[in-house]
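Take a look at the letters that make up each chain.
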Amino acid sequence: MTQSKVCLIYDQIVEAHLKGNPLFAVLIDPEKQKLTEISRFLTKIPSFSTHIFVGGSTGGTSVIKACVEEIKKHTTLPVLLFPGNHNQLVKGFDALLFLSLISGRNPDYLIGEHIKAVPFLRTSTMEVIPTGYILINGGNITSVQRVSHTLPLGMKDIDTIVATALAGQYAGKKLIYLEAGSGAKHPVLTSVIKAVHAAIDVPLIVGGGIRDKNTMEAAYHAGATLVVVGTALENDVFKV
Ligand code: 1GP
């Protein structure tokens, strides 16, 4: 028997989705954020932040573990693991975004990494949220593309993006994440967000290249339930 899993975090996201309450996640990449800077960084995040995501395309167990422990000392916001690989699975997170890179065709990121995660997950009570992760071309080659060896979907290929999101939902994904890539030149277009939102029922996460409140609000208006910002906050250039 595996340990039973709770779904508190997911239920809160669904509730926000149904009520139209916007959620905002601050992404901390432990490879970029110094451990000693985390407490100061957390004092500067927007007051409307609702979640902390931790992850990056690279980085292993010890760096993630130290990072989540440090974050937990300084915030009561839920902290979700947004992993780049199974080595990043450590205790201490409130939930795991169990990402399947469904825009790509690399079996490692569709199922291989997930199988490697099983020994950890079997003995853990951490909430697991199956998430369809869709990489969209944001105008530059991002680390997700480099590490996963997959191609992003074209930003204007709305039919394929919508079909991919729906295929994810039919396959049981409880969240769909539209990702332009960390540091993307161009965030996901509102026309793309609108089309995906109109097609799916599950909550929608949007991230990559969002640098100001207007873009964030446009994403909510188009149907995103949760917006993720990393780079602009890290560099202290997020325009509120
Ligand atoms: C990346 O969507 C997140 O996975 C955030 O992207 O770093 O560009 O904000 P940025």
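As a reminder, the structure under discussion sits directly above these lines.
Computed from a prediction, not measured in an experiment: that's the story for all the values here. Note on numbering: residues in each chain are counted from 1, in written sequence order. Totals for whole chains, interfaces and linings use all residues, but because this is a predicted model, local features are given only for residues with pLDDT of at least 70 and pairs of side-chain atoms are given and counted only at 80 or more. Excluded from the side-chain calculation are hydrogens and water; included are all heavy atoms of the structure.

Per the convention used, a helix needs a DSSP run of H or I reaching at least four residues, while a strand needs a run of E reaching at least two, with both numbered from the N terminus. For the protein, the count of helices and strands is 9 helices and 8 strands. Every radius of gyration here is taken over C-alpha atoms, with the globule rule written as 2.2 Å times N^0.38, N being the number of residues. On C-alpha atoms alone, the protein measures out to a radius of gyration of 16 Å, which is about the 18 Å that the 2.2 N^0.38 rule sets for 240 residues. Seen through its principal axes, the protein has C-alpha atoms that stretch 45 × 40 × 35 Å. A separation of at least 24 residues holds for 72% of the contacts in the protein among residues at least 6 apart in sequence. Element-wise, carbon and sulfur atoms account for 55% of the exposed surface of the protein, whose accessible area totals about 11100 Å². When charges are counted, Lys and Arg are positive and Asp and Glu negative, with His and the chain ends excluded. Positions of charges follow a simple convention, taking NZ of Lys, CZ of Arg, CG of Asp or CD of Glu. Computed over 22 positive and 19 negative side-chain charges, the inter-centroid distance for the protein is 2 Å. By definition, residues are in contact when any of their heavy atoms lie within 4.5 Å. Exposure was quantified through the Shrake-Rupley algorithm and a 1.4 Å probe, taking into account, for residues, occlusion by the shown protein chains and nothing else.

On to the pattern of salt bridges. Any Lys or Arg side-chain nitrogen located within 4 Å of an Asp or Glu carboxyl oxygen qualifies as a salt bridge. Per the counting criterion, the structure on display carries 6 salt bridges. Residue Glu 69 pairs with Lys 65 through a salt bridge whose shortest N-O separation is 3.0 Å. Residue Glu 69 and its partner Lys 65 are located together in helix α3 (residues 61-74), separated by 4 residues, close to a single helical turn. Residue burial is assigned from relative accessible area. The probe radius is 1.4 Å, only protein chains are included, and a residue is buried under 20% of its type maximum, exposed over 50%, and partly exposed in between. By relative accessible area, which is 43% here, Glu 69 ends up partly exposed. Here Lys 65 falls in the partly exposed class, since its relative accessible area comes to 41%. Residues Asp 94 and Lys 72 are paired through a salt bridge, measuring 2.6 Å at the closest nitrogen-oxygen approach.

Here a Phe, Tyr or Trp ring, Trp counted by its six-membered ring, pairs with any other such ring whose centre lies within 6.5 Å, and the pair is stacked when the planes are under 30 degrees apart, edge-to-face when over 60, and tilted otherwise. Inspection of the entire model under this criterion finds 6 aromatic pairs. Centre to centre, the rings of Phe 24 and Phe 48 are 5.0 Å apart; their planes meet at 80°, and the pair counts as edge-to-face. Here Phe 48 lies in the loop between α2 (38-44) and β2 (51-54) and Phe 24 lies in strand β1 (residues 23-28), a separation of 24 residues in the sequence. Note on Phe 48: relative accessible area 26%, which makes it partly exposed. With a centroid separation of 5.0 Å and 90° between ring planes, the pair formed by Tyr 133 and Tyr 177 is classed as edge-to-face.

Buried Ala, Val, Leu, Ile, Met, Phe, Trp, Tyr and Cys residues that are joined via side-chain atoms within 4.5 Å together make up what is termed a nonpolar core. Membership of the largest hydrophobic core comes to 79 residues, with the highest contact counts inside it found for Ile 52, Phe 53 and Leu 178. The element best represented in this core is β1, accounting for 6 residues. Beyond its immediate stretch of four places on either side in the chain, Leu 178 contacts Ile 134, Ile 136, Ile 161, Val 188, Val 192, Ile 193, Val 196, Leu 204, Ile 205, Val 206 and Gly 207.

In this section: the side chain of Thr 75. Within the fold, Thr 75 resides in the loop between α3 and β3 (79-81). Of note is the side chain of Thr 75, whose polar atom sits 3.0 Å from the backbone nitrogen of Leu 77. Here Thr 75 is in contact with Leu 42 and Ile 52, once residues within four sequence places are set aside. We call two N or O atoms a polar contact when they sit within 3.5 Å, provided that within protein one can donate a hydrogen and the other can accept it, with sequence-adjacent residues counted only if both atoms are side-chain atoms.

It is worth spelling out the packing of helix α6 (residues 158-170) against helix α7 (residues 190-199) at this point. Interaxial angle, 0 to 180 degrees, is taken between N-to-C directions of lines fitted to C-alpha atoms, where a helix line uses only the stretch in contact. Where α6 meets α7, the closest approach of the two axes is 9 Å, and the angle between their N-to-C directions is 40°. Classed by the angle they form, the pair α6 and α7 counts as oblique. The two elements α6 and α7 cross, and the hand of that crossing is right-handed. Contacts from Ile 158, Ile 161, Val 162, Ala 165 and Leu 166 of α6 reach α7 at Ser 191, Val 192, Ala 195, Val 196 and Ala 199. The classification used treats Ala, Val, Leu, Ile, Met, Phe, Trp, Tyr, Cys and Pro as nonpolar, Asp, Glu, Lys and Arg as charged, and all other residues, Gly among them, as polar. By residue class, the composition of the contact of α6 with α7 is 9 nonpolar, 1 polar and no charged. Any angle that is under 35 degrees is reported as roughly parallel, and any over 145 degrees as roughly antiparallel; angles of 65 to 115 degrees are reported as roughly perpendicular and all others as oblique. In this scheme the crossing of two helices becomes right-handed for a clockwise turn of the near helix relative to the far one and left-handed for an anticlockwise turn of less than a right angle.

This part is about α6. For an α-helix the count is 3.6 residues per turn, leaving residues at separations of three or four pointing the same way. In a helix, the anticipated span is given by 1.5 Å times the number of residues less one. An ideal rise of 1.5 Å per residue puts 18 Å on 13 residues; α6 measures up with 18 Å between its terminal C-alpha atoms. Those residues of α6 that sit buried are Ile 161, Val 162, Thr 164, Ala 165, Gly 168 and Gln 169. On an axial view of α6, the arc spanned by its buried residues comes to 160°, and they lie on one face. Relative to its buried face, α6 has exposed residues pointing more than 90 degrees away, namely Asp 159 and Tyr 170. Residues of α6 that are buried sit in contact with β5 (127-135), β6 (175-179) and α7. Picture the helix axis, draw a direction to every C-beta atom, and the arc is the one those directions span.

This part takes up the site of the ligand. One heavy atom within 4 Å of a molecule or strand is enough for the residue carrying it to be called near that molecule or strand. Near the ligand lie 13 residues; those nearest to it are Glu 179, Ser 182, Gly 183, Gly 209 and Thr 231. The contact in question runs from an oxygen atom of the ligand to an N or O atom on the side chain of Ser 182, over 2.7 Å. One of the backbone N or O atoms of Gly 230 is found 2.8 Å from an oxygen atom in the ligand. Protein contact buries 97% of the 310 Å² of open area that the ligand shows by itself.

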